[in-house]
Amino acid sequence: MKTSHRVIAFCILFLASLCLQSPASSQEPQPQPLLAEPLQIGVFVNPPFVMRQGDKFTGMAVDLWERLGERLDRQYHYVEFQTLGDLLDATASGKVDVAVTNTTINRSRAERLDFTQPWFDGGMRIMINTDQSDGFGNLLAGLSKAGYLRSYAWMAMIVVAATVLLTLFDRRFDASFPKRWTDGIAESFYTVMSVATSGKPPARSNLFGWVGRIWQGVWLACGVAVLAYVTSSITSVMTTLSLTNQINSIADVADRPIGVLTGTVEEEFVRAQGIQMFRYPSLEDAVDGLRSGETTAIVADAPILEYYAHSHPDQPVKVVGRLFEPDKYGFALPRLSRLTRPITVALLGAIDSGEVEALRKQYFGR
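Residues numbered from 1 in each chain as written. Predicted model: local features only at pLDDT ≥ 70, side-chain atom pairs only at ≥ 80, totals over all residues. Heavy atoms only, no water.

## A closer look at the pairing of strand β7 (residues 120–129)
Working step 1: Here β7 lies mainly inside the structure; 9 of its 10 residues are buried.
Working step 2: With 8 bridges connecting them, β7 and strand β11 (residues 317–334) associate as antiparallel partners. Bridging across to β11, Met124 finds its partner in Phe324.
Working step 3: Relative to strand β10 (residues 297–301), β7 runs antiparallel, the two being bridged by 5 bridges. Bridged to Met127 within β10 is Ile298. (Buried < 20%, exposed > 50% of the residue type's maximum accessible area, 1.4 Å probe, protein only. Helix = DSSP H or I, 4+ residues; strand = E, 2+ residues; numbered from the N terminus. Pairing = 2+ DSSP bridges.)

Here it is as structure tokens:
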């Protein structure tokens, strides 16, 4: 009897404990929101994908992101970076939630970043300076860059010194030499320049026999060497200026310095080719380097170069050659980010609805 009472009491207590449990505890746990705070959206200004207008950002990549942000119903604010490399480093470290710019997807980046579905097809092209001609100003600029003008300056100093020494020598040993200093210097200058430019000295008396003849021969040899050096240097620079207008592929500039943007796939590509390069934080800086003669060409994303050339008709630059090293752009996120899937889903929706194509036509035309 006691045993049955204990069983009944146990059942009553068990049922009472079930009734006293909170209803919420019997429900399945709900997924938590991705993040509570506003998203950190990193941007790198690279027209026409990202452009700054006062305190606001615009461009194809920004417009696309803002449409995706509306679908995600998330608050966010922009953080600008000076180079693409800085932006990707901040994204990889988790300081930035999404990198919004024309970020090329490749293996090395995918090893440390997550990427959304690609939303733009790109590739590389080459930009050159169209202000390279055979004009005297460009010739001087080319001679200066190659270091020839410094050599010419030393030659000019030698000519002046030789003129003075020859004047003093002839006034002392040549009785027929003009007595007026101005006439004497002019006569000596003519002699020196005759040897330097034609390799032939003017007819003059031999004052020291065989020693004088040997000295005149040495002088003649020096004049021929100077003439050959000046002629070859000018020819070399003029040839370089002429070849600049014949650039159509990366092979045409393999032996000359190339400008690239810091942290881009073009930097990696040019380095792999073993080509001398100069790194610039922005395309404007790269164009300055191109126009100053520091580089022969710029290798960068084709859409970026084409848009710059189209929107800066006053600049003497031109995009040449065919597209090479084709690639795709996507938004970058930190590895294993919980935002990757929802952003990709929203992006696929924008692609299917034609929004991405409409943005492409808006910024690049048909």
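## Observations regarding helix α10 (residues 283–292)
Working step 1: Looking at α10, one finds that the buried residues are Leu283, Ala286, Val287, Gly289 and Leu290. Projected down its long axis, α10 carries its buried residues within an arc of 160°, all on one side. (Arc of directions from axis to C-beta.)

## A look at the environment of Ala309
Working step 1: You can see Ala309 is positioned in helix α11 (residues 302–311).
Working step 2: Ala309 sits 182 residues away from Met127 along the chain, and the two C-alpha atoms are 8.7 Å apart.
Working step 3: The contact partners of Ala309, leaving out residues within four places of it in the chain, are Met127 and Val319. (Contact = heavy atoms within 4.5 Å.)

## Topic: the packing of aromatic side chains
Working step 1: For the coordinates displayed, the defined rule picks out 13 aromatic pairs.
Working step 2: An angle of 50° between the planes, with centres 5.7 Å apart, marks the rings of Phe49 and Phe364 as tilted. Linking Phe49 in the loop between β1 (39–44) and β2 (51–53) with Phe364 in helix α13 (residues 355–364), this pair joins segments that are 315 residues apart in sequence.
Working step 3: For Phe49, a relative accessible area of 0% corresponds to the buried category. (Phe/Tyr/Trp six-rings, centres within 6.5 Å; stacked < 30°, edge-to-face > 60°.)

## Thoughts on unusual backbone geometry
Working step 1: Cis peptide bonds are those with omega within 30 degrees of zero, and the linkage from Pro47 to Pro48 qualifies with 5°.
Working step 2: Structurally, the position occupied by Pro48 is in the loop between β1 and β2.
Working step 3: For Asp73, which is not a glycine, the phi torsion comes out positive at approximately 55°.
Working step 4: By relative accessible area, Asp73 is classed as exposed at 67%.
Working step 5: With a phi close to 50°, Glu325 is a non-glycine residue in the positive phi region.
Working step 6: With respect to the helices, strands and loops of the structure, Glu325 is situated in strand β11.

## A look at the side chain of Thr103
Working step 1: Inspection of the secondary structure assignment puts Thr103 in strand β5 (residues 98–104).
Working step 2: For Thr103, a relative accessible area of 0% translates into the label buried.
Working step 3: Among all residues touching Thr103, those that are not within four sequence positions of it are Leu84, Leu88, Arg109, Phe115, Lys328, Tyr329, Gly330 and Ala332.

## Thoughts on the nonpolar core
Working step 1: Judged by nonpolar contacts, the single largest core of 43 residues is most densely connected at Trp65, Val98, Val100, Trp119, Met127, Ile298 and Phe331.
Working step 2: The biggest single contributor to this core is helix α2 (residues 60–72), with 7 residues.
Working step 3: In this view, Ile298 contacts Arg125, Ile126, Met127, Gly259, Leu283, Ala286, Val287, Leu290 and Leu305; residues no more than four positions away in its chain are not counted.
Working step 4: With 16 residues, the next largest nonpolar core counts Ile126, Ile247, Val260 and Phe269 among its residues. (Core = buried A, V, L, I, M, F, W, Y, C linked by side-chain atoms within 4.5 Å.)

## Details of the packing of α2 against helix α12 (residues 340–352)
Working step 1: For the pair α2 and α12, the least separation of the axes is 10 Å and the interaxial angle reads 115°. With respect to the hand of their crossing, α2 and α12 are arranged in right-handed fashion. Counted together, Leu64, Trp65, Leu68, Arg71 and Leu72 of α2 and Pro342, Ile343, Ala346, Leu347 and Ala350 of α12 form the full contact between these two elements.
Working step 2: For the contact of α2 with α12, a count of residues per class yields 9 nonpolar, no polar and 1 charged. (Axes fitted to C-alpha atoms, helices over the stretch in contact; angles between N-to-C directions. Left-handed = near helix turned anticlockwise from the far one by under 90°. Nonpolar A, V, L, I, M, F, W, Y, C, P; charged D, E, K, R; others polar.)

## Focus: empty space enclosed by the protein
Gaps left between atoms show up when a probe the size of a water molecule is rolled over them.
Working step 1: Tallied over the entire structure, the rule returns 1 cavity of 30 Å³ or more.
Working step 2: When its volume is computed, the largest cavity comes out at roughly 80 Å³.
Working step 3: Forming the walls of the largest cavity are Phe44, Asn46, Leu84, Thr101, Asn102, Leu261, Thr264, Glu266, Val299, Ala300, Asp301 and Ile304.
Working step 4: Of all the secondary-structure elements, those providing two or more residues to the lining of the largest cavity are β5 and β10.
Working step 5: In terms of residue count, β10 provides more of the lining of the largest cavity than any other element does, 3 residues in total. (1 Å grid on protein atoms, 1.4 Å probe; cavity = no way out; pocket = protein on both sides within 12 Å on 5 of 7 lines; lining within 4 Å. Points joined across faces, edges and corners; volume = space filled by probe spheres on them.)

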